[in-house]
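A look at the structure
One letter stands for each residue in the lines below.
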Amino acid sequence: MIGTKFRALAQRSKGRDLNDLELAHVYLGLYDGQLAACAAHYLHHERISSNEFKSRLFAHLSDPNFVDDVARFITDPSHTFEPDRLVEKWIWWSEEFLDRATIEVDLANDVHQARDRLREWDEHRHDGLNQCTQWITEFGSSRRCVNRVAAEESCKAHRPE
Ligand SMILES: [Zn+2]
């Protein structure tokens with residue numbers, strides 16, 4: 001059920017999907033690994049990669065209706081999350097759990113080079129830094145900022161003015 005929220009977030013721009021996901025994550029005590037496996041299953045079905053999911057999540061931030069919708073559906077006053085923080089949290093969560101879960105789904109489906117990607121993923125973890133969650137549009141195409149940032153720090157390239 002909650003796994004379908006990942007699919008919804010990839011396919012439409014409704015802030016309430018992100019709220020539902022956040023609240024379920026906080027209150028239902030789901031294991032991250034289980035949640036990621038479930039999400040990977042739904043995304044695989046729609047042929048949406050983990051990176052594509054993250055970039056669509058980020059893109060929602062430029063939709064004012066999405067941002068308003070996140071704010072409107074916060075039903076718990078102890079949770080004063082800002083939409084951009086929430087998007088950032090879920091991009092990093094995806095990096096920590098969903099990336100690997102999607103490789104495992106590929107492995108189960110005999111996707112070419114899935115085993116190599118899994119090995120690579122396991123070898124390249126964890127320097128304690130997160131990749132910046134901004135996408136930059138240049139020359140008509142969009143790419144993820146490659147800077148890595150420590151928790152509680154902001155990217156040099158996107159420091160607020
Ligand atoms: Zn950056």
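Rules behind the numbers
- Along each chain, residue indices are assigned from 1 in the same order as the chain's sequence is written.
- pLDDT decides what is reported in this predicted model: residues at 70 or higher carry local features, side-chain atom pairs at 80 or more are listed and counted, and totals for whole chains, interfaces and linings draw on all residues regardless.
- Here, strands pair whenever DSSP counts at least two bridges between them.
- Secondary structure elements follow DSSP: runs of H or I no shorter than four residues count as helices, runs of E no shorter than two count as strands, and numbering proceeds from the N terminus.
- Any residue with 12 or fewer other C-beta atoms within 10 Å of its own C-beta is exposed, any with 20 or more is buried, and the rest are partly exposed; the C-beta atoms used are placed from the backbone.
- What we call a nonpolar core is a set of buried Ala, Val, Leu, Ile, Met, Phe, Trp, Tyr and Cys residues whose membership is set by joining through C-beta atoms within 7 Å.
- C-beta atoms are first placed from the backbone for all residues, and any pair lying within 7 Å is then listed as a contact.
- Taken from the helix axis, the directions to the C-beta atoms give the arc we talk about.
- Boundary definitions for the domains trace back to an automatic or database domain assignment.
- What counts as an axis is a line fitted to C-alpha atoms, over the stretch in contact for a helix, and the angles between N-to-C directions run from 0 to 180 degrees.
- Roughly parallel covers angles under 35 degrees, roughly antiparallel covers those over 145, roughly perpendicular covers 65 to 115, and oblique covers all other angles.
- Left-handed describes a crossing in which the near helix is turned anticlockwise from the far one by less than a right angle; the clockwise case is right-handed.

**As for the pairing of strand E2 (residues 135-138)**
Taken together, the 4 bridges between E2 and strand E3 (residues 141-144) define a ladder with antiparallel strand orientation. From the neighbouring strand, Thr 137 faces E3, where its bridge partner is Ser 142. Counting the residues in the hairpin turn of E2 and E3 gives 2 residues, including Phe 139, whose phi is positive at 50 degrees.

**Quick word on unusual backbone geometry**
Even without a glycine there, the phi angle at Asp 110 is positive, about 55 degrees. Position of Asp 110 among the secondary structure elements: in the loop between helix H6 (83-108) and helix H7 (114-123). Judged by the 8 C-beta atoms lying within 10 Å of it, Asp 110 falls in the exposed class. With a phi angle near 65 degrees, Gln 113 is a residue other than glycine that sits in the positive phi range. Here Gln 113 is to be found in the loop between H6 and H7. C-beta crowding within 10 Å serves as the criterion here: with 11 such atoms nearby, Gln 113 is assigned to the exposed category.

**Topic: the nonpolar core**
Ala 36, Ala 39, Ala 40 and Ala 101 are the most contacted members of the largest nonpolar core, which totals 22 residues. Sorting the residues of this core by element identifies helix H1 (3-11), helix H2 (15-27), helix H3 (32-45), helix H4 (50-59), helix H5 (64-72) and H6 as the ones contributing at least two each. For this core, the leading source of residues is H6, giving 8 residues. Other than its neighbours up to four places away in sequence, Ala 39 contacts Gly 3, Phe 6, Leu 98 and Ala 101.

**Comments concerning H1**
All buried positions along H1 are accounted for by Lys 5, Phe 6, Leu 9 and Ala 10. Looking straight down H1, one finds that the buried residues subtend no more than 135 degrees of arc, so they occupy a single side. At its buried positions, H1 is contacted by H2, H3 and H4.

**Notes on the environment of Tyr 27**
Examined against the element boundaries, Tyr 27 turns out to sit in helix H2. Using a count of 9 C-beta atoms within 10 Å as the deciding quantity, one classes Tyr 27 as exposed. A sequence separation of 16 residues divides Tyr 27 from Gln 11, and the C-alpha atoms of the two residues are 25 Å apart.

**Remarks on the domain arrangement of the protein chain**
Domains assigned within the protein chain are domain 1 (3-125) and domain 2 (128-161). In this structure, domain 1 and domain 2 have C-alpha centres spaced 18 Å apart. Between domain 1 and domain 2, the residue contacts involve 6 residues of the former and 4 residues of the latter. Mapped by element, the contributors of at least two residues to the side of domain 1 that touches domain 2 are H4 and H6.

**Remarks on the packing of H1 against H3**
Where H1 contacts H3, the two axes come as close as 7 Å, and the packing angle between them is 45 degrees. Relative to H3, H1 is oriented oblique. Every pair of crossing elements has a handedness; the one defined by H1 and H3 is right-handed. Within the contact between the two elements, H1 uses Gly 3, Thr 4, Phe 6, Arg 7 and Ala 10 and H3 uses Cys 38, Ala 39, His 41, Tyr 42 and Leu 43.

**Topic: the environment of Ser 49**
Relative to the assigned elements, Ser 49 resides in the loop between H3 and H4. Classification of Ser 49 by C-beta neighbours within 10 Å gives partly exposed; the count is 15. Distance in space between the C-alpha atoms of Ser 49 and Phe 66 is 22 Å, their sequence separation being 17 residues.

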